[in-house]
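Topology and contacts: notes
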Amino acid sequence: MSFRKELGVIPRAAWIIAGLCYVGMATLAWFLVPTDHEMSQWPRGGQLAFTFLLPLFFFLIIPLYGYIYGDSKRRAMRYVMWTLLAIFVPDLIGVIIYFILRDPLPVDCPSCHNPVPSKFTFCPHCGNALRPYCPQCGKSVERTWTNCGYCGTKLPS
Ligand SMILES: [Zn+2]
Ligand SMILES: [Zn+2]
């Protein structure tokens, strides 16, 4: 899994919003810093750092939320809930929880080669069975089981 491919998960809209936020905040700071009573006393370098480096934080954090949105979507997780959780739980705790709890990456269906969330038993594109399943209820079963753990049907060996 290359870094470049991971970056492709981030929706383009997240980069655009991040860029607009950066330009907006830097512009705002450019005009407000010289008018602020205290900050106008700062050395020029400090003022420039405040104007151009501080908004950089937002330029990076918004694509991070975009990554969580795209990543949770491809993992067939509840992506709206996870994105909102990441944004609104303070101190990036939502982001950290996401990276701990996220589901495994999708697998490639051996039959049609579409990516399928790894928790699925059947490929939603072609119906190919991705793992052993119960012929009665269709839920996935372990190879060592003699009976289905969900409906109790005796499984073929
Ligand atoms: Zn398939
Ligand atoms: Zn069953």
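Residues numbered from 1 in each chain as written. Chains lettered and ligands numbered in written order. Predicted model: local features only at pLDDT ≥ 70, side-chain atom pairs only at ≥ 80, totals over all residues. Heavy atoms only, no water.

Taken together, C134 (SG), C137 (SG), C148 (SG) and C151 (SG) make up the full set of protein donors to the zinc ion (ligand 2), lying 2.3 Å away. For the zinc ion (ligand 2), the single-chain donor residues occur in sequence as C-x2-C-x10-C-x2-C. Remark: C151 occurs in the segment after β2 (115–116) and C137 occurs in the segment after β2; sequence separation between them is 14 residues. (Donors = N, O, S within 2.8 Å, 3.2 Å for Na, K, Ca; no water. Helix = DSSP H or I, 4+ residues; strand = E, 2+ residues; numbered from the N terminus.)

So, on to the nonpolar core. The biggest cluster of nonpolar side chains holds ten residues, and these are A18, I61, I62, Y65, I68, M77, W82, A86, V95 and Y98. When residues of this core are traced back to their parent elements, those giving at least two are α4 (54–74), α5 (79–88) and α6 (93–101). With four residues, α4 is the largest single contributor of residues to this core. (Core = buried A, V, L, I, M, F, W, Y, C linked by side-chain atoms within 4.5 Å. Buried < 20%, exposed > 50% of the residue type's maximum accessible area, 1.4 Å probe, protein only.)

Attention shifts here to the domain arrangement of the protein chain. Partitioning the protein chain into structural domains gives domain 1 (3–104) and domain 2 (106–157). Relative placement of domain 1 and domain 2: their C-alpha centres are 40 Å apart. Taken together, the contact pairs five residues of domain 1 with four residues of domain 2. Regarding the contact of domain 1 and domain 2, the summed buried area is about 370 Å², with carbon and sulfur atoms giving 54% of it. The three residues of domain 1 that bury the most area against domain 2 are R74, A76 and P104, which together make up 80% of that side's buried surface. Here domain 1 is connected to domain 2 by one salt bridge. We note a salt bridge from D103 to K119, for which the minimum N-O separation is 3.6 Å. Applying the counting criterion to the domain 1 and domain 2 interface returns one residue pair in polar contact (both at pLDDT 80 or more). For the side of domain 1 that touches domain 2, the class distribution of residues is two nonpolar, no polar and three charged. (Domains from an automatic or database assignment. Contact = heavy atoms within 4.5 Å. Buried area = accessible area lost by both parts, 1.4 Å probe. Salt bridge = Lys/Arg side-chain N within 4 Å of Asp/Glu carboxyl O. Polar contact = N/O pair within 3.5 Å; in protein donor to acceptor, adjacent residues only side chain to side chain. Nonpolar A, V, L, I, M, F, W, Y, C, P; charged D, E, K, R; others polar.)

Moving on: the coordination of the zinc ion (ligand 1). For the zinc ion (ligand 1), the protein coordination sphere consists of C109 (SG), C112 (SG), C123 (SG) and C126 (SG), at 2.2 to 2.3 Å. The coordination sphere of the zinc ion (ligand 1) comprises four donor atoms, whose angles at the metal cover 108 to 114 degrees; the geometry is tetrahedral. Between the donor residues of the zinc ion (ligand 1), the gaps in sequence give the motif C-x2-C-x10-C-x2-C. Here the residue C109 occupies a position in the loop between β1 (107–108) and β2, and C126 occupies one in the segment after β2, the gap between them amounting to 17 residues. Accessibility expressed as a relative area gives 0% for C109, which makes it buried. We classify C126 as partly exposed; its relative accessible area is 37%. (Tetrahedral: all angles 85-135°; square planar, octahedral: opposite > 155°, others 65-115°.)

Each aromatic ring pair is described using two quantities: the centre-to-centre distance and the angle formed by the ring planes. A complete count under the given rule lists ten aromatic pairs for this structure. Cluster of aromatic residues (ring-pair linked, three or more members): Y67, W82, Y98 and F99. A cation over an aromatic ring shows up here: K73 above the ring of Y79, its NZ or CZ 5.0 Å from the ring centre. (Phe/Tyr/Trp six-rings, centres within 6.5 Å; stacked < 30°, edge-to-face > 60°. Lys NZ or Arg CZ within 6 Å of the ring centre and 35° of its normal.)

The subject of this paragraph is the packing of α5 against α6. Remark: α5 packs on α6, axes separated minimally by 7 Å, with the N-to-C direction vectors making an angle of 140 degrees. Accordingly, the angle class assigned to the pair α5 and α6 is oblique. Contact residues: W82, L85 and A86 in α5; G94, V95, I97, Y98 and L101 in α6. Partitioning the contact of α5 with α6 into residue classes produces seven nonpolar, one polar and no charged. (Axes fitted to C-alpha atoms, helices over the stretch in contact; angles between N-to-C directions. Parallel < 35°, antiparallel > 145°, perpendicular 65-115°, else oblique.)

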